[in-house]
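Analysis of the macromolecular model
What follows is each chain in one-letter form.
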Amino acid sequence: MKDNSNPNKENSLKHVLFGSLIGTTIEFFDFYIYANAAVLVFPQLFFPSTNSTNSVLLSLATFSIAFLSRPLGSAVFGHYGDKIGRKTTLVIALLTMGISTVSIGFLPSYASIGIAAPLLLMLCRFGQGVGLGGEWGGAVLLAIENAPPNKRAWYGMFPQLGAPIGLLLSGGTFLILTDTMSADAFLDYGWRIPFIASSLLVVVGFYIRLKITETPAFENSKKEQEEVKIPFFTLLKFYKNQLIFGTFAAITTFLVFYLMTVFTLSWATSDLGYSKRDFLLMQLFSVLFFALFIPVSALIADRIGRRKMLIYATTAIAIFGFAFSFFLNSGSTILVTLFLCVGMALMGFTYGPLGTFLSELFPTTVRYSGTSLAFNLAGIIGAAFAPMIAIWLATQYSLTYVGFYLSTAACISLFSLLMISKEEHKF
């Protein structure tokens, strides 16, 4: 029978897919320009100290604020996303994230306003995290809840593509700026350009999302009066196992990503003798494999099932962990580049169907809350302290133990994938 619940669905398909893609593109673009600035700029401008190490540590501490505030964003935006709809909530999440990011580009330095400067920076970073916490889950649902049943993973991979696109944009932007500007000019005003320029992406995303109609799944849920009073409490009461196992199923996705980006960049430039520029170029090349294998994994997942695809990808990551030290310690630029490309390809395989998989664990009435919380809690467990743990393991023991760390996490995710309910909820 023909579905008339959303008569504009066919006409707005390009808006739906682009609208879901643009938000996650902004998310990763914002994330990485902040990451670069937290190392290159913020220690001098916002945390000046006679001890440069303390300045860097204080700057990096602000980086973690977004991880801690993301679950808050998941809970708040998830609540309203399940109560008033995906469209309105996504627009507000995008604005929260966009305004916080652009504001960083206009912040005065410590030399201008003293302690208020780092406090304002932390406030903006907190706002970024809250916005990001509500953005990803809504973007995924926007795509998936408009998808035919046999193409859910394919539709669901569009917001996932925002990750490699955002990484390429941010990495490319900083390479261009550092190559074309003097160090003084970059420190004076150049670093502000990416933050302020992100407003262009926000405006495009805002325009696209205003043109999107509500998802058919949410409209049908409203018609059938399936709304729950407080989605978060309903989630914890009836879908606790899905939330717990869904979170741990996703931790390897985050861990492999941050090991292949933040950790390898730090270790290769500080201990293996690579220049930051050369290794960043190698990483940007590997991101192409990340982008390539997201749609490949989605196509496979629609054929064999999302859960099975994640089981295969997670098993491959567990095996990859045992080769970690061999490739990264090889001393060969070719082998190290191959290592990065394989790691990013595996990231694509696990990341592509992840949003679809998590969304299928929860019914429409709590889907926004459940999907967002599982994803962002996995980010805290799998990513927030991953680079520090990896650096400690490599320093105290060896790179082999960093590989063991990855393989152990993969085994935990694999166990969770095997234990999780196979029930698929109505869309």
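The following refers to the structure shown.

Quick notes on the rules
- Residues numbered from 1 in each chain as written.
- Predicted model: local features only at pLDDT ≥ 70, side-chain atom pairs only at ≥ 80, totals over all residues.
- Heavy atoms only, no water.
- 1 Å grid on protein atoms, 1.4 Å probe; cavity = no way out; pocket = protein on both sides within 12 Å on 5 of 7 lines; lining within 4 Å.
- Points joined across faces, edges and corners; volume = space filled by probe spheres on them.
- Helix = DSSP H or I, 4+ residues; strand = E, 2+ residues; numbered from the N terminus.
- Nonpolar A, V, L, I, M, F, W, Y, C, P; charged D, E, K, R; others polar.
- Phe/Tyr/Trp six-rings, centres within 6.5 Å; stacked < 30°, edge-to-face > 60°.
- Buried < 20%, exposed > 50% of the residue type's maximum accessible area, 1.4 Å probe, protein only.
- Lys NZ or Arg CZ within 6 Å of the ring centre and 35° of its normal.

Moving on, we come to empty space enclosed by the protein. In total, this model carries two cavities of 30 Å³ or more according to the counting rule given. Quantified by volume, the largest cavity comes out at close to 130 Å³. Together, Glu27, Phe28, Phe31, Arg70, Thr253, Phe254, Phe257, Tyr258, Met347, Tyr351 and Phe375 line the largest cavity. Counting only elements with at least two residues in the lining of the largest cavity, the list comes to α1 (13-40), α12 (240-270) and α16 (333-351). For the lining of the largest cavity, the residue count by class is eight nonpolar, one polar and two charged.

Evaluation of the coordinates by the stated rule reveals 28 aromatic pairs. Ring geometry for Phe42 and Phe46: centres 5.3 Å apart, planes at 85°, overall edge-to-face. The class for Phe42 is buried, based on a relative accessible area of 0%. The class of Phe46 is buried, set by a relative accessible area of 1%. Look at Trp191 and Phe195: their rings are 5.8 Å apart centre to centre, the planes differ by 75°, and that puts the pair in the edge-to-face class. Summarising the burial analysis for this pair, Trp191 and Phe195 share the class buried. Three or more aromatic residues joined by ring pairs make a cluster, and in this case those are Phe263, Trp267, Phe320, Phe324, Phe326, Phe327 and Phe339. For Arg125, the ring lying beneath its charged end belongs to Tyr34, and the centroid distance is 4.2 Å.

A word on the layout of surface pockets. Looking at the largest pocket, its volume works out to about 840 Å³. Lining the largest pocket are 32 residues, with Val39, Leu60, Phe63, Val262 and Pro387 sitting closest to its centre. Elements with a minimum of two residues in the lining of the largest pocket: α1, α3 (52-83), α7 (152-180), α12, α13 (276-304), α18 (367-384) and α19 (386-396). When residues of the lining of the largest pocket are assigned to their parent elements, the largest contribution, seven residues, is made by α3. Residue composition of the lining of the largest pocket, by class: 23 nonpolar, eight polar and one charged.

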